[in-house]
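Spelled out from the first residue to the last, the chains are:
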Amino acid sequence: MTDLAEPAPAALAEPRTRVSATLTDDAHLIAACRRGEARAMEMLYHQYKRRVFGMAHRIVGGSDAEEVAQEVFVRVFRGLAAFRGDSALSTWIYRLTVNAALSHLARRGRRHEVGDEGLTELPAPAVIERDSALAARIETALTQLPAGYRAILVLHDVEGLSHEECAAILECRIGTCKSQLHKARARMRELLGPGLDERSSPKP
Amino acid sequence: MTMCDKIRPRLTAYLDGELADEHGSVVRGHLRECPACREMARDEAALRDGLRALAPVDPPAALWAGILARLAAEEVADARKPRWRRHAGRWLRWLRAARFAPTMPQLAAAAVVAVAAIGLLTWRTHRSDDAGHVVVAPPLVHPGHGPAPVPPATQAPAALHGDVTEELLAEPAQTTASYARVIEELMKLAEQDSTGWSAEARAAFNARITGLRDAIARAGQGHPSHLAQSSMIHYLQTALAREDGLLAAGGAQ
């Protein structure tokens, strides 16, 4: 855990991007997929499946994640012909993922006759089990967040993407991205209650 | 505003190692003194670490098969579509790729504007045609008899003739002047804003402005000059839209 009274460790400032595919690799992969090579398509799927499914899972929830991930990959393979390379392939795929997930939530909201805005205004359950492990509490709190906050937290904190990448995916300014992250974390702290850090938790 | 109110909005950036040294030092100094902010920062750090440590979620094994099945189904559906729908789909995809996905209200608005524009053009064309008969018709020349006298009834109103021609001749110059005014106003704003930019961003901005001014000078007069001026206005607007001047350094090429 970070000691906050000490200077921020270097690790905090290190870029946390886990994407390693180079532009050249992507270009070859895209060209092969455009030619309809099954092996290349499968390779692209394996390269991105965890992140796409993980993002979908945490934004729309476990029950609909498979449907959203399927939709994303179908859009990716069908849209590769029109992909102009204005952004990195990963950025484009994650943008499709976030958009598909948010659209899915909006559609689901309409089906339930409650708009997405309405969902965001629903009060969070007052008590999130304090005795469960922190990870489980965080997962529960994530489901209570407004969808937009959930998206930025998943991209930046869970998936470890940089602000630049998040801004490109969400098609907003880097400053907006930072302020949304701050608000999202503040909302999460409200949902989880004080004493998240074990050192400051009251002893039972 | 208390010190806590000033520090708390910066905690996220501080914890993520994104604050410059002097700002980080102020936050650290406050955290040493303020137990409430310290606890908040510890909670946020714990939350951030907890989010980073969440276990990756494995996709179900059937996902790939489901994707292939959906792809196949969509391709079959494509093949069964009538030709005009395939073309319409291609156009829509092209529009989307060009980041323009018109909604029905937008299409309706575009149709109204198009009809209005066609109506206006037609009206203006008819009007200038009428005026043309009167104004520019050359006097009839009868060989051997000298120029025929022009009947007073068909004579153009001299004032109108002169005004319209002058107006048309003056139009490009007026446009140039109006663009130039806008550029100067935007430059004033940029000069005010640039005090808050980094030296690097300011230098890049100045270099770009010099380039744009050269381009305007090279463009000469008329339409090429307007295009160059318009590029400069676009660049200035984009640069001013940024609070930090970062785009002035790298964007809006």
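Quick note: structure is the one above.
Residues numbered from 1 in each chain as written. Chains lettered and ligands numbered in written order. Predicted model: local features only at pLDDT ≥ 70, side-chain atom pairs only at ≥ 80, totals over all residues.

*Asks:* I'd like to hear about helix α10 (residues 222–241) of chain B, residue by residue, with values.
*Replies:* All names here are of chain B. For α10, built from 20 residues, the straight-helix expectation of 28 Å at 1.5 Å per residue is met to within 8% by its first-to-last C-alpha distance of 29 Å. Listed as buried for α10 are S225, A228, Q229, M232, Y235, L236 and A239. Looking straight down α10, one finds its buried side chains confined to an arc of 120°; they lie on one side. Exposed residues lying more than 90 degrees from the buried face of α10 are G222, H223, L227, H234 and A241. (Helix = DSSP H or I, 4+ residues; strand = E, 2+ residues; numbered from the N terminus. Expected span 1.5 Å × (residues − 1). Buried ≥ 20, exposed ≤ 12 C-beta atoms within 10 Å, placed from the backbone. Arc of directions from axis to C-beta.)

*Asks:* Quick one: what's the story with the nonpolar core, residue by residue and with numbers?
*Replies:* One recurring pattern in soluble globular proteins: nonpolar side chains tend to sit buried together. A56, A101 and I152 of chain A are the most contacted members of the largest nonpolar core, which has 65 residues in total. The biggest single contributor to this core is helix α3 (residues 38–60) of chain A, with 10 residues. Those residues in contact with A101 of chain A that lie beyond four places of it in its chain are M55, A56, I59, V60 and V68 of chain A. A201, A204, M232 and L236 of chain B belong to the second largest nonpolar core, which has 11 residues in total. (Core = buried A, V, L, I, M, F, W, Y, C linked by C-beta atoms within 7 Å. Contact = placed C-beta atoms within 7 Å.)

*Asks:* Kindly report on unusual backbone geometry, identifying the contributing residues and their values.
*Replies:* Non-glycine residue E171 of chain A carries a positive phi angle of around 55°. On the secondary structure map, E171 of chain A appears in the loop between α9 (163–170) and α10 (174–192).

*Asks:* Can you explain the packing of helix α9 (residues 199–219) of chain B against α10 of chain B? Please cite residues and give values.
*Replies:* All names here are of chain B. Where α9 meets α10, the axes come as close as 7 Å, and the angle between the chain directions of the two elements is 165°. By the angle between their axes, α9 is roughly antiparallel relative to α10. Considering only the axes of α9 and α10, their crossing is left-handed. Residues F205, R208, L212, A215, I216 and A219 of α9 form the contact with α10, whose own contacting residues are P224, S225, L227, A228, Q229, S231, M232, Y235 and A239. Class assignment for the residues of the contact of α9 with α10 results in 11 nonpolar, 3 polar and 1 charged. (Axes fitted to C-alpha atoms, helices over the stretch in contact; angles between N-to-C directions. Parallel < 35°, antiparallel > 145°, perpendicular 65-115°, else oblique. Left-handed = near helix turned anticlockwise from the far one by under 90°. Nonpolar A, V, L, I, M, F, W, Y, C, P; charged D, E, K, R; others polar.)

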